[in-house]
Amino acid sequence: MPDSTAKSPQPPTAQRPVVLIAEELSPATIQALGDGFEIRHCNGADRAELLAALPEAEAILIRSATKMDEEAIAVASRLRVIARAGVGLDNVDVPVATQYGVMVVNAPTSNITSAAELAVALMLAAARHISPAHAALRQGQWKRSKYTGVEVVDKTVGIIGLGRIGFLVAQRLAAFGVNLIAYDPYVQAGRAAQMGVRMVTLEELMAEADFISVHLPKTPETVGLIGARELAMAKPALVLVNAARGGIVDEQALYDALSSGQIGAAGLDVYDTEPCTDSPLFTLDNVVATPHLGASTDEAQEKAGVAVAQSVRLAMAGELVPDAVNVEGGVIAEDVRPGISLTENLGNIFTMLAQGVAQQIDVEVRGEIVEHDVKVLELAALKGVFEGIIETPVTYVNAPLLAEERGTEVRLVLDPVSMDHRNLVTLRGALADGTTVSVSGTLMGITQQQRIVEVNGFDVEVEISDHMAFFVYQDRPGIVGAVGQILGEGAVNIESMQVSRDPERGSALMAMSVDRKLPVEVLDQIAAAIQASVVRGVDLA
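Here is a short report on the structure shown in this document. What you see is a predicted model, and the numbers here were worked out from it, not measured in a lab.

Some words on the packing of helix H14 (residues 337-354) against helix H15 (residues 375-387)
Line of reasoning, step 1. Taken N-terminus to C-terminus, the directions of H14 and H15 make an angle of 35°; their axes are 7 Å apart at the nearest point. Where H14 crosses over H15, the two elements pack in a sense that is right-handed. Seen from H14, the contacting residues are Gly 339, Ile 340, Thr 343, Glu 344, Gly 347, Asn 348, Phe 350 and Thr 351; seen from H15, they are Val 376, Leu 377, Ala 380, Ala 381, Lys 383, Gly 384, Val 385, Phe 386 and Glu 387.
Line of reasoning, step 2. Classifying every residue of the contact of H14 with H15 gives eight nonpolar, six polar and three charged.

A word on helix H17 (residues 479-489)
Line of reasoning, step 1. When we look at burial in H17, the residues that qualify are Ile 479, Val 483, Ile 486 and Leu 487. Buried residues of H17 fall within an arc of 100° about the axis and therefore sit on the same side. Facing away from the buried surface of H17 by more than 90 degrees, the exposed residues are Gln 485 and Glu 489.
Line of reasoning, step 2. On its buried face, H17 is in contact with strand S19 (467-474), strand S20 (494-502), strand S21 (507-514) and helix H18 (520-530).

What to know about the nonpolar core
Generally speaking, soluble globular proteins have nonpolar side chains that are buried together.
Line of reasoning, step 1. Ile 349, Ile 452 and Phe 470 are the most contacted members of the largest nonpolar core, which has 73 residues in total.
Line of reasoning, step 2. Counting residues per element, this core draws most heavily on H15, at eight residues.
Line of reasoning, step 3. Every residue in contact with Ile 452, bar those within four places of it in the chain, is listed here: Ile 349, Val 439, Ser 440, Gly 441, Val 460, Glu 461, Val 462, Ile 464, Met 468 and Phe 470.
Line of reasoning, step 4. By size, the runner-up hydrophobic cluster in this structure holds 31 residues, among which are Ile 160, Met 206, Ala 234 and Val 287.

Calculation rules
Residues numbered from 1 in each chain as written. Predicted model: local features only at pLDDT ≥ 70, side-chain atom pairs only at ≥ 80, totals over all residues. Heavy atoms only, no water. Axes fitted to C-alpha atoms, helices over the stretch in contact; angles between N-to-C directions. Helix = DSSP H or I, 4+ residues; strand = E, 2+ residues; numbered from the N terminus. Left-handed = near helix turned anticlockwise from the far one by under 90°. Contact = heavy atoms within 4.5 Å. Nonpolar A, V, L, I, M, F, W, Y, C, P; charged D, E, K, R; others polar. Buried < 20%, exposed > 50% of the residue type's maximum accessible area, 1.4 Å probe, protein only. Arc of directions from axis to C-beta. Core = buried A, V, L, I, M, F, W, Y, C linked by side-chain atoms within 4.5 Å.

Structure below.
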């Protein structure tokens, strides 16, 4: 496994970050990127040209012709994000990108409407023999009786894979007055029923359906899912459509079934090997075939380009990207999003308080928020924790790798009960010398203000700001005045301050927000004046 710190992006230069566009994308893509980048172009299908252009690129936008394998990723020492303007990632080595700390993003919803519409078009075209009838007419032949087709109305349509595209296909076909059934082991029957779809087994679907449309990803489990055995269960007039991925339907078994009359017709947009121009399936009159046109609409291409451009902007700004495929954040609920920035800031503050690498960090999340997937808060905490101690940029991709390399064990602790706050996030860690460090924060009010409410066992309530300071000292009169005088002499304004006392320990914590970064000499003066045991300046700007 490569050293993720060695291959993480290099420190930014004074120049604008370089974004490499390796394939033709819509003008709207460039507009969505904005003016903050230096845009360069190369032919990603030309290997030598690609490898020569990659070393200075911090982001690359590609489609299907550019191969981003380990060789390409390894030479791109500044690369932070690979953006695929489309859905499939067959040409990107995602595990290798993850090892190098490179975020991989795609546009998972950009072509779903186009793909669904093409599937319906192929189904209708195959049902009415449009392709061979068109070819015959162009050859001067009028064959009305030969190409008699079948209606869709009142028939049973089986959807294999009831994901986003499968749902759109079902939604559109419902208007034709069909009976909808589906096979998808990951969809609950209740959710399908809300769509007007009855869930069945694959065997039941193959036996009952008059039309079948495939909408599954290509995985080891789905390759060859529909083969000779499954086709033998089908009705003789079955029309089978595959506009998902080649290989899910066994092409030889499909050819045998179509040529023998075992099934009626097929509509195909995808193939085992692409580009494909000489398949035996193309010789059959009962096959209508297109060259992988599922995403080939102007609208889909523009939506894909704009979506990945927006993802690149987020990634380059160090933000979480919802469409990142190698970040274990899950789908981010709207109620969780405000907590991401809070938790990242708590991570920064934790590191400043700890002044070192923790052996173990618990990310404790309490309150109503745990009803959602909050895995992203663990990533945000790690990003904040390591930003203060790693020279190279820390991302949501490489933060878990950095923790692993430094022997930091991380746990996400969830509790639906939060006694004093609606939601509470606490970072609690143990250092090598046995010292424990903790910092807790919450969001308050309509504006979701970020507040620190606990530091190392001291209860406080102070707003998180760009510049903060924390002092621990023996509790006695006159400390606030002494600190205020030193800050005034150093031309530092206090924005907010709170003192928390611990009578049992005889100590106190002073937490404050100030208007600028505290100079080292000012911190030293305060430490000497109040005999502080802990003096920490924190800068989040």
